[in-house]
Amino acid sequence: MGVDPKLISFEATQKMKQQLAQLVEAKGGKRVELKAVDENLVDAIWEDRPPIALQPVYHLAEQFSGRSTTDKLRWLRELMAAKGYSGMIVSALDEIACTTLPHLSIGLFNLRGSDIPFNPVFFAYALVTADQCTLFVESGERVECEKAVQYELAGYGDIFGRLVAMKNSASSTANGKLLITPSCNWALVEAIGADRVTVKPSPIEAEKAVKNATELSGFAECHRRDGAALCNYFGWLEAEVAKGAQLNEVDGADRLEAFRRAFPECRGLSFDTISG
């Protein structure tokens, strides 16, 4: 059974292999093996596939995040050293970028993007070791790099070659295993080798539960701004109705978005308007 290893987690493949073995044992018949395929067969025949619309990646200032990328990298390296890990592969987009609200420092890097509509993330991987940090992202020139932060940029797909090189390095092999999360894709594990990784819940995800003073203040400020936008909208709506204006749901949604975007901190909606 073939599968694109970039589209399935390593943990899921382990469960599937176990389930396939149990099925063969229970039903009898030939052995079924799960295989990683190098080329996605759908991609091979999708001739008019639209290109991925890559958007600029911008730096979220520390005045909004409350914590520098340098500090977050130091925290992660101290944790890895205490646990005996040689490094960590960060594959979840919301653990790389600062996500959710503009003021929240959720993510390893103080960077945000919009490669996925209504989400402040960008397509990337990160590899953090004791002495090196690499952000693997397509079209690195679109990234507004943070000053005085020691990390390098590399091509999005270059992480696979980097992991293969680490697997073949005797010094790297002696330094302990890489930490990966349950959602890490199978292709990354295939590159480094299953014997070189440890699967554990992400410490970055757990860190999301701890908010600093700037983040807590950011929550309140975001709600104040959005409340003001809603008050402006309701006032406008009452005035338009009183004048006998004929408005539809699109008119209302567009005007509400305009009121929200009047605040310079607004970078976009979190989801499209739900109406009907």
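These numbers come from a predicted model, not from an experiment.

Undergrad: Looking at this model, I keep getting lost on the pairing of strand β4 (residues 87-90). Mind explaining?
TA: The side chains of a regular strand alternate between the sheet's two faces. Of the two faces of β4, the one carrying Gly87 and Ile89 and the one carrying Met88 and Val90 are both buried. Where β4 and strand β6 (residues 124-129) come together, 4 bridges link them in antiparallel fashion. Following the sheet pairing, isoleucine 89 is matched in β6 by leucine 127. In the sheet, β4 pairs with strand β9 (residues 178-180) via 2 bridges, with the strands oriented parallel. By the bridge assignment, glycine 87 is partnered in β9 with leucine 178.

Undergrad: Can you walk me through the sheet that holds strand β7 (residues 133-137) in this structure?
TA: Sheets are built from strands that pair by backbone hydrogen bonding, the pairs being arranged parallel or antiparallel. Ordered in space as β8-β7-β6-β4-β9-β10, the 6 strands form an open sheet in which the pairing is mixed. The open sheet is flanked by β8 (152-154) and β10 (197-199), the only strands paired with a single partner. Between one strand and the next, the sheet's axes are offset by a mean angle of 25°, whatever the strand orientation. Along the sheet face, helix α6 (residues 158-167) touches β4, β6, β7, β8 and β9 and points at about 25° away from the line of β6.

Undergrad: Would you take a moment to explain the pattern of salt bridges for this structure?
TA: Note that side chains of opposite charge can pair when their charged atoms are close. Within this structure, the stated rule accounts for 12 salt bridges. The partner of arginine 142 in a salt bridge is aspartate 115, and the shortest N-O contact between them spans 2.9 Å. Here the residue arginine 142 occupies a position in the loop between β7 and β8, and aspartate 115 occupies one in the loop between β5 (111-112) and β6, the gap between them amounting to 27 residues. For the residue pair arginine 142 and aspartate 115, the accessibility class agrees, reading buried in each case. Taken together, the salt bridges that share partners define one network made up of Arg67, Asp71, Arg74 and Glu207.

Undergrad: Please clarify how the state of the cysteines should be interpreted in this entry.
TA: Disulfides are covalent bonds that connect the sulfur atoms of two cysteines. Going through the model one piece at a time under the given rule, you end up with 0 disulfides. Note on cysteine 231: no disulfide assigned, nearest cysteine sulfur contributed by cysteine 222 at a separation of 16 Å.

Parameters at a glance
Residues numbered from 1 in each chain as written. Predicted model: local features only at pLDDT ≥ 70, side-chain atom pairs only at ≥ 80, totals over all residues. Heavy atoms only, no water. Buried < 20%, exposed > 50% of the residue type's maximum accessible area, 1.4 Å probe, protein only. Helix = DSSP H or I, 4+ residues; strand = E, 2+ residues; numbered from the N terminus. Pairing = 2+ DSSP bridges. Axes fitted to C-alpha atoms, helices over the stretch in contact; angles between N-to-C directions. Contact = heavy atoms within 4.5 Å. Salt bridge = Lys/Arg side-chain N within 4 Å of Asp/Glu carboxyl O. Disulfide = S-S within 2.5 Å.

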